Amino acid sequence: MNKIVIVCIAIAAMLAGVLLFSKLNTASQPEHALYYQQSRNINNFTMTDHQGEQFGNEDLIGKWSWVFFGYTSCPDVCPTTLQEINFVYDELKEISANTQVLLVSVDPRRDSQDVLANYIAYFNKEFKALRADHSVLFPFARNLGLMYAITDDAAGDGYLVDHSASMVLINPNGKIAAIFKPKQALGELPTIDGQKLLSDFDKIVQLN
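Residues numbered from 1 in each chain as written. Predicted model: local features only at pLDDT ≥ 70, side-chain atom pairs only at ≥ 80, totals over all residues. Heavy atoms only, no water.

Draft legend 1. Just the overall build of the protein chain, in detail. The helix and strand inventory of the protein chain stands at 5 helices and 10 strands. The buried share among the 208 residues of the protein chain stands at 42%. Long-range contacts, defined here as pairs at least 24 residues apart, represent 72% of the contacts in the protein chain between residues at least 6 apart. Of the roughly 11400 Å² of accessible surface on the protein chain, 53% is carried by carbon and sulfur atoms. (Helix = DSSP H or I, 4+ residues; strand = E, 2+ residues; numbered from the N terminus. Buried < 20%, exposed > 50% of the residue type's maximum accessible area, 1.4 Å probe, protein only. Contact = heavy atoms within 4.5 Å. Areas by Shrake-Rupley, 256 points an atom, 1.4 Å probe, with all protein chains shown as cover.)

Right under this line is the structure:
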């Protein structure tokens, strides 16, 4: 009888341990981002930053990079997203000091180096803006799982560019770690939730 009681207690303890481990493991996983447990490679690319310096794969190594597609003439999503990231930027750096924010222009025709430099500095002087021809941008966008397309007649200067409102997180190995999709509701502007981003970033850093 005593042996049966001991076996039952042992089984109960084991089940409790499994449930606790499962709960802790689930709690440590990102809740809002599309997280890649096996990070994805980024093909070789070369762009130019807003200071005229070349920027490529090697500039991703050793840093957590937040990549966002946009353009300076964007009327809503771009300034809203950049402002939100600026609001939580200090907290991102508290989670990991080696953090950088990268705006990749999808409008190289209008977004010259000087235009990008003035635009990005308005939000945060530590942010970087990158530009390249479409021959570089298109494959880079596909590689990251993002998209963009010029939706109007580009013959004039008033055209719009349709682009992803998601943010891609690249790990210090220069590989894609996660994609943060914006909050979307019918009739409302798609926006990134800074607090959810912070929560998941903390978990992702701990997992790596």
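Now that the structure has been shown, we can carry on.
Draft legend 2. Highlighting the sheet that holds strand S2 (residues 46–49). Ordered by their spatial adjacency, 8 strands build an open sheet running S1-S10-S9-S4-S5-S6-S2-S3, and the pairing between neighbours is mixed. The strands lining the two open edges of the sheet, one partner per strand, are strand S1 (34–40) and strand S3 (54–56). Neighbouring strand axes in the sheet, compared pairwise and without regard to direction, differ in orientation by 30 degrees on average. Where strand S4 (residues 64–70) and strand S5 (residues 99–105) come together, 7 bridges link them in parallel fashion. The residue of S5 that forms the bridge with Phe69 is Val104. (Pairing = 2+ DSSP bridges. Axes fitted to C-alpha atoms, helices over the stretch in contact; angles between N-to-C directions.)

Draft legend 3. Local environment of the nonpolar core. Ranked by size, the top nonpolar core spans 59 residues in total, and within it Trp66, Phe69, Leu169 and Phe180 carry the most contacts. Sort the elements by how many residues they give to this core and helix H2 (residues 77–95) lands first, with 7 residues. Non-local contacts of Trp66, meaning those with residues more than four positions away in its chain, are made with Leu92, Thr99, Gln100, Val101, Leu102, Met167, Val168, Leu169, Phe180, Leu197 and Phe201. (Core = buried A, V, L, I, M, F, W, Y, C linked by side-chain atoms within 4.5 Å.)

Draft legend 4. Fine view of the packing of H2 against helix H5 (residues 194–207). Remark: H2 packs on H5, axes separated minimally by 10 Å, with the N-to-C direction vectors making an angle of 25 degrees. With respect to H5, the element H2 is oriented roughly parallel. Considering the relative orientation of H2 and H5, their crossing is right-handed. For the pair formed by H2 and H5, the contact residues are Glu84, Ile85, Val88, Glu91, Leu92 and Ile95 on the first element and Gly194, Gln195, Leu197, Leu198, Phe201, Asp202 and Val205 on the second. (Parallel < 35°, antiparallel > 145°, perpendicular 65-115°, else oblique. Left-handed = near helix turned anticlockwise from the far one by under 90°.)

Draft legend 5. Representation of the pairing of strand S10 (residues 176–180). Most of S10 sits inside the fold, with 5 of its 5 residues counted as buried. Here 3 bridges tie S1 to S10, and the two strands are oriented antiparallel to one another. Within the sheet, the bridge partner assigned to Leu34 lies in S10 and is Ile179. With 4 bridges connecting them, strand S9 (residues 167–170) and S10 associate as antiparallel partners. Bridge pairing links Met167 to Phe180 in S10. Taken together, S9 and the strand that follows it, S10, pair antiparallel across an intervening segment of 5 residues, in which Gly174 is found at a positive phi of about 75 degrees.

Draft legend 6. View of the environment of Gln51. Here Gln51 is to be found in the loop between S2 and S3. With a relative accessible area of 57%, Gln51 lands in the exposed category. With 65 residues separating them along the chain, Gln51 and Leu116 place their C-alpha atoms 8.9 Å apart.

Draft legend 7. Region of interest: the packing of aromatic side chains. The tally for this structure, following the rule as stated, stands at 10 aromatic pairs. Measuring from ring centre to ring centre gives 5.2 Å for Tyr119 and Phe123, while their planes differ by 65 degrees; the resulting arrangement is edge-to-face. Linking Tyr119 with Phe123, this pair stays in helix H3 (residues 113–123), spanning 4 residues, or about one helical turn. For the pair Phe138 and Tyr148, a centre-to-centre distance of 4.7 Å together with 10 degrees between the ring planes defines the contact as stacked. Separated by 10 residues along the polypeptide, Phe138 in helix H4 (residues 134–144) and Tyr148 in strand S7 (residues 148–150) bring together distant segments of the chain. The exposure class assigned to Phe138 is partly exposed, which follows from its relative accessible area of 37%. (Phe/Tyr/Trp six-rings, centres within 6.5 Å; stacked < 30°, edge-to-face > 60°.)

Draft legend 8. Highlighting the pattern of salt bridges. Tallied over the full model, the rule gives 3 salt bridges. Residues Lys93 and Glu126 are paired through a salt bridge, measuring 3.1 Å at the closest nitrogen-oxygen approach. Placement of the pair is Lys93 in helix H2 and Glu126 in the loop between H3 and strand S6 (128–131), with a sequence separation of 33 residues. A relative accessible area of 24% means that Lys93 is categorised as partly exposed. A salt bridge links Arg110 to Asp107, with the nearest nitrogen and oxygen atoms 2.5 Å apart. Across the pair, Asp107 and Arg110 agree in class, each one buried. (Salt bridge = Lys/Arg side-chain N within 4 Å of Asp/Glu carboxyl O.)

Bear in mind that shape data such as this cannot, by itself, settle questions of function.
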